[in-house]
Amino acid sequence: MKVIVGDNEKISKLIAEEFIAQINKKPNSVLGLATGTSPLGVYANLVKANKEGRVSFKNVATFNLDEYIGLEGTHNQSYRYFMNDNLFDHIDIDKSKTHVLKGVGDYIAYMNQYDDEIASFGGIDLQILGIGSDGHIAFNEPGTPFDSLTHIADLTESTIKDNSRLFNDISEVPTKAVTMGLKSIMNARKIVLIATGKNKAKAIRDLLCGPMTEDVPCSILQKHPDCTIYVDEDAYSLVK
Ligand code: GLP
């Protein structure tokens, strides 16, 4: 794994440039996208580059990592809403090629065909990840099998607490989600992970220095052949 340290502005720009280079090299790239606060700067840079004509998403397809069970795509905390609001509504992408797991209706049927659908597009070329303070990636919580495909996950108390900052009240945070599995994520040809802030320091230490164990879901990335970890000084502070 490669590690790049810089402030949020710098690492967001660098990751956006990775995406721009990927799309310009292969206009019909398949992108794996993440939600959360961490990738917001990357998405803002991509919107800017698209408006400046430096990159076009016309032929791009996207697959998102996860979605809360119980939230309609129109709910302002659903991940479909997040993606439209922070990226898709501002770029020249064909929305029918943007895939986000469903959290309502026929979500189980949609979940069961998600890995096959990714494969039918040729697999993910470039995947962006955030990381949970407990070391989760997507919604793969500690204990998730390394060979997991897209599945239903119970959120841990720590994740519910972390994510409650975005809801009116902790009681409104869904307790279950649909998520790409660890194997689904590892299938991506290239992975970039972004983490900033002191509350990510322990997860980043475990990712970079700890043993590879299902107790720390992100540790599986240690065996990915092309994975770069972008961190700020705070997230990196327990390494060294
Ligand atoms: C959620 C998402 C993850 C994300 C994590 C960290 O739990 N399912 O994909 O990486 O939060 O979010 P943030 O970037 O807001 O710290």
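Provided above is the structure to which this section pertains.
Residues numbered from 1 in each chain as written. Predicted model: local features only at pLDDT ≥ 70, side-chain atom pairs only at ≥ 80, totals over all residues. Heavy atoms only, no water.

### Thoughts on the overall build of the chain
Here is the rule we go by: Counting from the N terminus, the helices are the DSSP runs of H or I reaching at least four residues and the strands are the DSSP runs of E reaching at least two. It is over C-alpha atoms that the radius of gyration is taken, and the globule rule equals 2.2 Å times the number of residues to the power 0.38. Relative accessibility under 20% of the residue-type maximum defines a buried residue, over 50% an exposed one, and the middle range a partly exposed one, all with a 1.4 Å probe and only protein chains included. It only takes one pair of heavy atoms within 4.5 Å for two residues to be counted as in contact. Surface accessibility in these figures is a Shrake-Rupley result with a 1.4 Å probe; residues are shielded only by whichever protein chains are displayed. His is not counted here, nor are the chain ends, while Lys and Arg score as positive and Asp and Glu score as negative. Charged side chains are reduced to one point each, which is NZ for Lys, CZ for Arg, CG for Asp and CD for Glu.
If you tally the helices and strands in the chain, you get 8 helices and 10 strands. Radius of gyration (C-alpha) of the chain: 17 Å, near the 18 Å computed for a compact globule of 240 residues. Along the longest, intermediate and shortest principal axes, the C-alpha atoms of the chain span 40 × 40 × 35 Å. The buried share among the 240 residues of the chain stands at 55%. In the chain, the share of contacts with a sequence separation of at least 24, taken over all contacts with a separation of at least 6, comes to 77%. Total accessible area on the chain is roughly 10400 Å²; 50% of this is exposed by carbon and sulfur atoms. If the 25 positive side-chain charges of the chain are averaged to one point and the 32 negative ones to another, these points end up 7 Å apart.

### Focus: the site of the ligand
What counts here: Throughout, the term near means that a residue has one or more heavy atoms lying within 4 Å of the molecule or strand in question. In protein, a polar contact requires one atom able to donate a hydrogen and another able to accept it; more generally it is a pair of N or O atoms within 3.5 Å, and residues adjacent in sequence count only if both atoms are side-chain atoms. In this analysis the probe radius is 1.4 Å and the grid spacing 1 Å, with only protein atoms considered; a cavity is a set of points the probe fits into but cannot get out of, a pocket is an open set with protein on both sides within 12 Å along at least five of seven lines, and lining residues have an atom within 4 Å of a point. Any molecule with more than half of its atoms within 2 Å of a cavity's or pocket's grid points is regarded as sitting in that cavity or pocket. The classification used treats Ala, Val, Leu, Ile, Met, Phe, Trp, Tyr, Cys and Pro as nonpolar, Asp, Glu, Lys and Arg as charged, and all other residues, Gly among them, as polar.
Taken together, 13 residues lie near the ligand, and Thr37, Ser38, Asp66, Arg165 and Lys200 sit nearest. Interatomic distance of 2.4 Å between a side-chain N/O atom of Ser38 and an oxygen atom of the ligand. With respect to the ligand, the side chain of Asp66 contributes an N or O atom lying 2.8 Å from a nitrogen atom. Of all the cavities here, the one that holds the ligand is the largest pocket. Of the residues in the shell around the ligand, the class split is 4 nonpolar, 6 polar and 3 charged.

### Regarding the pattern of salt bridges
The condition is simple: For this analysis, a salt bridge means a side-chain nitrogen from Lys or Arg found within 4 Å of a carboxyl oxygen belonging to Asp or Glu.
Counted according to the given criterion, the structure contains 13 salt bridges. In this structure, the salt-bridge partner of Asp89 is Lys95, at a minimum N-O distance of 2.7 Å. Residue class for Lys95 comes out partly exposed when judged on its relative accessible area of 37%. A salt bridge links Asp106 to Lys102; its shortest N-O distance comes to 3.1 Å. A relative accessible area of 32% means that Lys102 is categorised as partly exposed. The network of salt bridges with shared partners includes Glu18, Lys190 and Asp226.

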